Amino acid sequence: MGLVTAPASTWIENRKMIAPTFNMIILKEYFNTFVQESLILIEDLEKVAQNGNEIVCFEYLRICTIKIAFDTITGDKVERNLIDTWLEALTTYVILF
């Protein structure tokens, strides 16, 4: 169960711990990353839509989210072709620890 779907008692207990993460000064540091990755997402979706194809958003949103998370957590950019490799490594790390 994630924090968002957790009962109110769990949310209240953890809110104070995670609140500093969402400080506006900290979020401003990542603004350019949010904008750049959002623009790439829009371009990708427009390409699919121009061909008249149905858009299955999950994969596009997953890639965008992973890139933003990687960029903001590590300070580096992950290449699109390495996202699956990075995800596998992260999953393995989480399982091991």
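Under an unreviewed UniProt entry, the name given to the protein chain is Cytochrome P450 4V2, and the organism recorded is Trachymyrmex cornetzi.

(A) Up close: the packing of aromatic side chains. This model, assessed by the stated rule, comprises 1 aromatic pair. Aromatic side chains tyrosine 30 and phenylalanine 34 sit 6.5 Å apart centroid to centroid with 50 degrees between the ring planes, which places their arrangement in the tilted category. Given a relative accessible area of 29%, phenylalanine 34 falls into the partly exposed group.

(B) Representation of the confidence of the model for the protein chain. On average, residues of the protein chain score 83 in pLDDT, and 95% of them reach the 70 mark or higher. Within the protein chain, the lowest mean pLDDT, 78, falls on helix 1 (residues 8–18), and the highest, 92, falls on helix 3 (residues 31–50).

(C) Inspection of a nonpolar patch on the surface at higher detail. A cluster of nonpolar side chains, namely Phe31, Val35, Leu39 and Ile42, defines an oily patch on the protein surface of about 360 Å² accessible area. Isoleucine 42 sits in the partly exposed class, given a relative accessible area of 44%.

(D) Looking closely at the packing of helix 4 (residues 57–74) against helix 5 (residues 83–96). At a closest axis distance of 11 Å, the pairing of helix 4 and helix 5 adopts a crossing angle of 65 degrees. In terms of axis orientation, helix 4 runs roughly perpendicular to helix 5. For the element pair helix 4 and helix 5, the recorded crossing hand is left-handed. Of helix 5, the residues touching helix 4 (which contributes Arg62, Ile63, Ile66, Lys67 and Phe70) are Ile83, Asp84, Trp86 and Leu87. Grouping the constituent residues of the contact of helix 4 with helix 5 by class yields 6 nonpolar, no polar and 3 charged.

Criteria and thresholds
Residues numbered from 1 in each chain as written. Predicted model: local features only at pLDDT ≥ 70, side-chain atom pairs only at ≥ 80, totals over all residues. Heavy atoms only, no water. Phe/Tyr/Trp six-rings, centres within 6.5 Å; stacked < 30°, edge-to-face > 60°. Buried < 20%, exposed > 50% of the residue type's maximum accessible area, 1.4 Å probe, protein only. pLDDT = per-residue confidence, 0-100. Helix = DSSP H or I, 4+ residues; strand = E, 2+ residues; numbered from the N terminus. Patch = residues over 30% accessible without salt bridge, like charges linked within 9 Å, V, L, I, M, F, W, Y side chains within 5 Å. Areas by Shrake-Rupley, 256 points an atom, 1.4 Å probe, with all protein chains shown as cover. Salt bridge = Lys/Arg side-chain N within 4 Å of Asp/Glu carboxyl O. Axes fitted to C-alpha atoms, helices over the stretch in contact; angles between N-to-C directions. Parallel < 35°, antiparallel > 145°, perpendicular 65-115°, else oblique. Left-handed = near helix turned anticlockwise from the far one by under 90°. Contact = heavy atoms within 4.5 Å. Nonpolar A, V, L, I, M, F, W, Y, C, P; charged D, E, K, R; others polar.

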